[in-house]
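Chains, contacts and geometry: an overview
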Amino acid sequence: MMKPSILSRRLMLAGAGVGLIPLSAAFAAGLVPTPAQTEGPFYPAGLPADTDNDLVQVRGQAARAMGEVLHLQGRVIGIDGRVRSGALVEIWQCDARGIYDHPRQSGRDRRDQAFQGYGRMIVDAEGRYSFRTLKPVAYPGRTPHIHLKATTADGRLLTSQFYVAGDPQNERDGVFRSAVRQPGQRERIEMKLAPAPGLEAGALATEMDIVIG
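Below you will find a few notes about this structure. Keep in mind the model is a prediction, meaning the values are calculated, not measured.

A look at the pattern of salt bridges
Tallying each qualifying case throughout the model produces 13 salt bridges. Put simply, Asp54, Arg132 and Glu200 are held in one network by salt bridges that share partners.

Notes on the pairing of strand 1 (residues 69-78)
Looking along a regular strand, one sees side chains alternate from face to face of the sheet. In terms of burial, strand 1 is largely enclosed, as 10 of its 10 residues are buried. As paired strands, strand 1 and strand 4 (residues 128-134) are joined by seven bridges and run antiparallel to one another. The residue bridging Gly74 from the neighbouring strand is Tyr129, located in strand 4. Two strands pair when backbone bridges link them, and strand 1 and strand 9 (residues 204-207) are joined in this way by four bridges, in the parallel orientation. Residue pairing in the sheet places Leu72 in a bridge with Thr206 of strand 9. Sheet analysis places strand 1 next to strand 10 (residues 210-212), joined by three bridges and oriented parallel. The residue bridging Ile77 from the neighbouring strand is Val211, located in strand 10.

Rules used throughout
Residues numbered from 1 in each chain as written. Predicted model: local features only at pLDDT ≥ 70, side-chain atom pairs only at ≥ 80, totals over all residues. Heavy atoms only, no water. Salt bridge = Lys/Arg side-chain N within 4 Å of Asp/Glu carboxyl O. Buried < 20%, exposed > 50% of the residue type's maximum accessible area, 1.4 Å probe, protein only. Helix = DSSP H or I, 4+ residues; strand = E, 2+ residues; numbered from the N terminus. Pairing = 2+ DSSP bridges.

No statement about biological role is implied by the geometric values presented.
Quick look at the structure:
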């Protein structure tokens, strides 16, 4: 369930108009599905005790995760422009040191224990999701990215990744390059980050619709 504090922040961001794209405008331009990408080796082997949509603050801990806070939000919709209410959205990523919470991760003992690393939520009636997480960082072999899964109420599953728009490492990343071979695909997976002082001091925000074909 979405925390009330995160919901209020999401509404503040929507009111500020940060990166918001009207659904009607997107549909008029022609919706391109979010390209499917690899799950990778670090999907959680077991879910953490805290799986809510605030990855920066682990329930029961006073410490906040290291790194730059990113508010990631958007909608889950179909290529027909219709909202996919009831969809489950999951995200997972490495911490600010480039370390995942996973048994196969080398150096896991150095992981930031204050970073949840994984979160999930059910979208609201308008198909909206919202996560408070970290701006992703690079690690050897990969450009900065956030993994995601979206499962619709009728059982459709999309696994993909989001990247930081303009990061010079994107074009050298094989997973990224394989996902942007068709027109419009780049816009589906590149996050355009913007400061959001009215949302949270020092934080960034981005709006990314997940379009399921």
